[in-house]
Amino acid sequence: MPLSVATQRLSVFVDGNNMFYAQQKNGWFFDPRRVLEHFTSEDGGLSLVNAFWYTGLKDPQDQRGFRDALISLGYTVRTKILKEYYDDNSGRYSQKANLDIEIVVDMFNTVEQYDRVVLFSGDGDFERAIELLRSKNTHITVVSTEGMIARELRNATDRYIDLNSIRKEIEKRDSYH
C-alpha cells in the first residue's frame, strides 16, 4: 500500500560544522528547534522520525550545554574530537572533524524508517549517498547557502533550499534561550 502524503516520514541530518560556517558567512544563526518545526509543518503531515546533529569538539566537554539542548529537542548528537591539519599552501593549521562517514552510515542504517530526508550540508562528498538514497525512492532536500554548496550535491538532490530563503522561519531569536 503506497504511503499517502499525510504519512510521509522525515529524517533530518545536520552537518553541524559545515552549517556553522554557512551561518557565519550569512551573518545569522538558525534555531535547531525552529528547524524541526519548519520542516514538519512545511508540507503538513510530515512525521519526524529522526533528527541527527554532527559536530566536532575541541575536547569532551566542548559545547556541552548546546549538545544537551539538542538532545532535549530530540536530536541524536554524534561527535568526534577535532584533528589539527597543517596546510602547506597557506602555512596555517586548521581543525576538522570529518563526520561525513558517520552521517552516511546513519542515513543508510535508518533508511527503512523514512521517506524524506533533509540534509543540512553543502559538502559534495555526499553526492553518491544522495544518488543511492534517491534510487530507493527517498525524496532528498539539501539545505545550504550560495557559495558553500557543491555543484555535484546540488545536482544530485531533489530539492535545494538556500538557508537565506527560510531565514524568517528558522532564525534564532535573541529572546529564545
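Preceding this section is the structure that the text describes.
Computed from a predicted model, the values in this text were never measured in an experiment.

Student: I'd like a rundown of the overall build of the chain, residues and numbers included.
Tutor: The helix and strand tally for the chain stands at seven helices and eight strands. Taking 177 residues into account, the globule formula puts the C-alpha radius of gyration at 16 Å, and the chain, at 16 Å, falls close to it. For the chain, the proportion of its 177 residues judged to be buried stands at 44%. In the chain, of all internal contacts separated by at least 6 residues, the share reaching a separation of at least 24 is 61%. For the chain, the accessible area works out to roughly 9800 Å², and carbon and sulfur atoms hold 47% of it. Distance from the positive charge centre (23 side chains) to the negative charge centre (27 side chains) of the chain: 2 Å.

Student: Got a sec to walk through the sheet that holds strand β3 (residues 76–81)? Specific residues and values, please.
Tutor: Sheet architecture is open: six strands sit in the order β3-β2-β1-β6-β7-β8, paired in parallel fashion. Pairing within the sheet leaves two strands with one partner each, and these edge strands are β3 and β8 (159–162). Put simply, the sheet's adjacent strands are angled 15° from each other on average, direction ignored. Two elements, strand β7 (residues 139–144) and β8, share four bridges in a ladder whose sense is parallel. Counted as the bridge partner of valine 142 is tyrosine 160 from β8. Packed on one face of the sheet, helix α3 (residues 64–72) meets β2 (47–57) and β3 and runs near 155° to β3.

Student: Pulling in residues and values, what's your account of the packing of helix α4 (residues 100–109) against helix α5 (residues 127–135)?
Tutor: Contact geometry of α4 with α5 gives a least axis separation of 11 Å together with a crossing angle of 5°. Classified by the angle their axes make, α4 and α5 are roughly parallel. For the pair formed by α4 and α5, the contact residues are Val104, Met107 and Phe108 on the first element and Ala129, Ile130, Leu132 and Leu133 on the second. Split into classes, the residues belonging to the contact of α4 with α5 amount to seven nonpolar, no polar and no charged.

Student: Any chance you could break down a nonpolar patch on the surface for me, citing the residues and the numbers?
Tutor: Taken together, the side chains of Phe20, Tyr21 and Phe29 define a hydrophobic patch exposed on the protein surface, amounting to about 290 Å² of accessible area. Note on placement: phenylalanine 20 falls in helix α1 (residues 16–26).

Student: Now, about unusual backbone geometry: what can you tell me, with residues and values included?
Tutor: What you tend to see is this: most non-glycine residues have negative phi, and most peptide bonds are trans. The backbone phi angle of asparagine 98 is positive, close to 50°, even though this residue is not glycine. Take asparagine 98: it is sitting in the loop between β5 (92–96) and α4. Despite not being glycine, asparagine 137 has its phi angle at roughly 65°, a positive value. Relative to the helices and strands, asparagine 137 resides in the loop between α5 and β7.

Student: Before we move on, could you go through the nonpolar core and cite the residues and values that matter?
Tutor: Ranked by size, the top nonpolar core spans 23 residues in total, and within it Phe30, Phe39, Tyr75, Phe120 and Leu163 carry the most contacts. Listing elements by their share of this core, those giving two or more residues are β1 (9–15), α1, α2 (32–42), β2 and β6 (116–120). In contact with phenylalanine 30, not counting residues within four places along its chain, are Val14, Met19, Gln23, Val35, Trp53, Phe120, Leu163, Ile170, Glu171 and Lys172. If you look at the next biggest cluster of nonpolar residues, it comprises 22 residues, including Met107, Val111, Val117 and Ile130.

Student: Tell me about the pairing of β6, residues and numbers included.
Tutor: For β6, the buried fraction is high: five of the five residues fall into the buried class. Side chains of β6 alternate between two faces, with Arg116, Val118 and Phe120 and Val117 and Leu119 buried alike. Sheet topology note: the β1/β6 ladder contains five bridges and is parallel. Its bridge partner being in β6, serine 11 is matched across the sheet by valine 117. Across five bridges, the pairing between β6 and β7 is parallel. Across the sheet, the residue bridging to arginine 116 is histidine 139, located in β7. Between the parallel pair β6 and β7, the chain is carried across by α5, and the sense of this crossover is right-handed.

Definitions and cut-offs
- Residues numbered from 1 in each chain as written.
- Predicted model: local features only at pLDDT ≥ 70, side-chain atom pairs only at ≥ 80, totals over all residues.
- Heavy atoms only, no water.
- Helix = DSSP H or I, 4+ residues; strand = E, 2+ residues; numbered from the N terminus.
- Rg over C-alpha atoms; globule rule 2.2 N^0.38 Å.
- Buried < 20%, exposed > 50% of the residue type's maximum accessible area, 1.4 Å probe, protein only.
- Contact = heavy atoms within 4.5 Å.
- Areas by Shrake-Rupley, 256 points an atom, 1.4 Å probe, with all protein chains shown as cover.
- Lys, Arg positive; Asp, Glu negative; His and termini not counted.
- Charge placed at Lys NZ, Arg CZ, Asp CG, Glu CD.
- Pairing = 2+ DSSP bridges.
- Axes fitted to C-alpha atoms, helices over the stretch in contact; angles between N-to-C directions.
- Parallel < 35°, antiparallel > 145°, perpendicular 65-115°, else oblique.
- Nonpolar A, V, L, I, M, F, W, Y, C, P; charged D, E, K, R; others polar.
- Patch = residues over 30% accessible without salt bridge, like charges linked within 9 Å, V, L, I, M, F, W, Y side chains within 5 Å.
- Salt bridge = Lys/Arg side-chain N within 4 Å of Asp/Glu carboxyl O.
- Core = buried A, V, L, I, M, F, W, Y, C linked by side-chain atoms within 4.5 Å.
- Right-handed = clockwise from strand over helix to strand, strands pointing away.

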